[in-house]
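Structural features, examined
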Amino acid sequence: MEQLSFNGNLAYQQQIAARVAEQAPPVRVQPRPAPVSAGNVTEIILPQGQVENFQLLLPMLTQLNQEKRWLAWIDPPQELVSKWQKMHGIIAGELLVLRSSAEHPALKLAERALSVGTCHAVVLWTEKLNKACFEALQAASAAGNSHGVVLRQR
């Protein structure tokens, strides 16, 4: 019967590894950056004249409303606010309606509302949204763990 010595093989392997390490250039290990959590912003483009058609958002907003944070609307059509409250029974204390101004543009309001974390969702009505603005909303959404919804017309 043949007897194998694993200790001898292990010692030999360690000697080989030490020689290879002496000859190899030093290895620099770069620390990995911490993973950045992705924001959660959805852009919905509606046909002209259907900006009040809010039915497709109802399931999503109902699900998000479980968190007991505010729902913020930025620049919604005025007729939609009263219609929504009557039809869907949203308590006024849970709905925050913000109006933009020259001093406080809509996108900056949305970024702030998303980033502070007091809103489960921020719905923004706007006419245009470029890539840089969308990415800023994504970053704010990630910071506040909030969901952003951008509604705009074609």
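Scroll up for the structure.
Residues numbered from 1 in each chain as written. Predicted model: local features only at pLDDT ≥ 70, side-chain atom pairs only at ≥ 80, totals over all residues. Heavy atoms only, no water.

**Focus: the overall build of the chain**
The line we're drawing: Strands here are runs of E lasting at least two residues and helices are runs of H or I lasting at least four, both read from the DSSP assignment and numbered beginning at the N terminus. Here's how the labels work: a residue is buried when its accessible area is under 20% of the maximum for its type, exposed when over 50%, partly exposed in between, all with a 1.4 Å probe on protein chains only. Contacts are assigned to residue pairs with any non-hydrogen atoms lying within 4.5 Å of each other. All accessible areas in this document rest on Shrake-Rupley with a 1.4 Å probe, and a residue is counted as covered only by the protein chains that are shown.
The number of helices and strands found in the chain is five helices and five strands. Reading the chain from its N end, one meets helices and strands in the order α-β-α-β-α-β-α-β-α-β. Across the 154 residues in the chain, those meeting the buried criterion constitute 28%. Sequence-distant contacts, at least 24 apart, represent 76% of the contacts inside the chain between residues at least 6 apart. For the chain, the accessible area works out to roughly 10800 Å², and carbon and sulfur atoms hold 55% of it.

**Let's talk about the pairing of strand 2 (residues 70-74)**
What counts here: DSSP bridges decide pairing: two strands pair if at least two such bridges lie between them.
A large share of strand 2 lies buried, amounting to four of its five residues. Bridge count for strand 2 against strand 3 (residues 95-98) is four bridges, and the pairing is parallel. The partner of A72 across the bridge, within strand 3, is L96.

**Overview of the environment of L96**
Structurally, L96 is set in strand 3. With a relative accessible area of 25%, L96 lands in the partly exposed category. Sequence-wise, L96 and L71 are 25 residues apart; in three dimensions their C-alpha atoms are separated by 6.0 Å. Setting aside its immediate chain neighbours within four residues, L96 contacts W70, L71, A72 and W73.

**Observations concerning empty space enclosed by the protein**
Put simply, the rule is: Of the grid points, spaced at 1 Å and generated over the protein atoms alone, those admitting a 1.4 Å probe that cannot get out make up cavities, while open sets with protein on both sides within 12 Å along at least five of seven lines make up pockets; any residue with an atom within 4 Å of a point is treated as lining. Grid points are joined across faces, edges and corners, and a volume is the space filled by probe spheres set on the points. Classification used: nonpolar for Ala, Val, Leu, Ile, Met, Phe, Trp, Tyr, Cys and Pro, charged for Asp, Glu, Lys and Arg, polar for all others including Gly.
Following the criterion strictly, the structure yields one cavity of 30 Å³ or more and no others. Size it by volume and the largest cavity reaches roughly 40 Å³. As for the largest cavity, its lining consists of V41, A110, L114, V122, L124, L137, G148, V149 and V150. For the lining of the largest cavity, the leading source of residues is strand 5 (residues 147-153), giving three residues. For the lining of the largest cavity, the residue count by class is eight nonpolar, one polar and no charged.

**Focus: helix 5 (residues 131-144)**
Let me state the cut-off plainly: Each residue after the first adds 1.5 Å to the expected span of a helix. Note: the arc covers the axis-to-C-beta directions of the helix.
An ideal rise of 1.5 Å per residue puts 20 Å on 14 residues; helix 5 measures up with 20 Å between its terminal C-alpha atoms. All of the buried residues along helix 5 are L137, A140, S141 and G144. Summarising the axial view, the buried residues of helix 5 lie within an arc of 105°, below the 170-degree limit, and thus occupy one face. Counted as exposed and oriented over 90 degrees from the buried face of helix 5: K131, A132 and A143.

**Quick notes on the pattern of salt bridges**
How we decide: Criterion for a salt bridge: a side-chain nitrogen of Lys or Arg within 4 Å of a carboxyl oxygen of Asp or Glu.
The full count for this structure, using the stated rule, is two salt bridges. With a closest N to O distance of 2.4 Å, E43 and R152 form a salt bridge. Note that E43 is positioned in strand 1 (residues 40-46) and R152 in strand 5, a separation of 109 residues in sequence. When the shortest N-O distance is used, the salt bridge between E111 and K108 registers 3.7 Å. Taken together, the positions of E111 and K108, both in helix 4 (residues 106-116) and three residues apart, correspond to about one turn of that helix. Looking at E111, the relative accessible area reads 21%, which means it is partly exposed. Given a relative accessible area of 54%, K108 falls into the exposed group.

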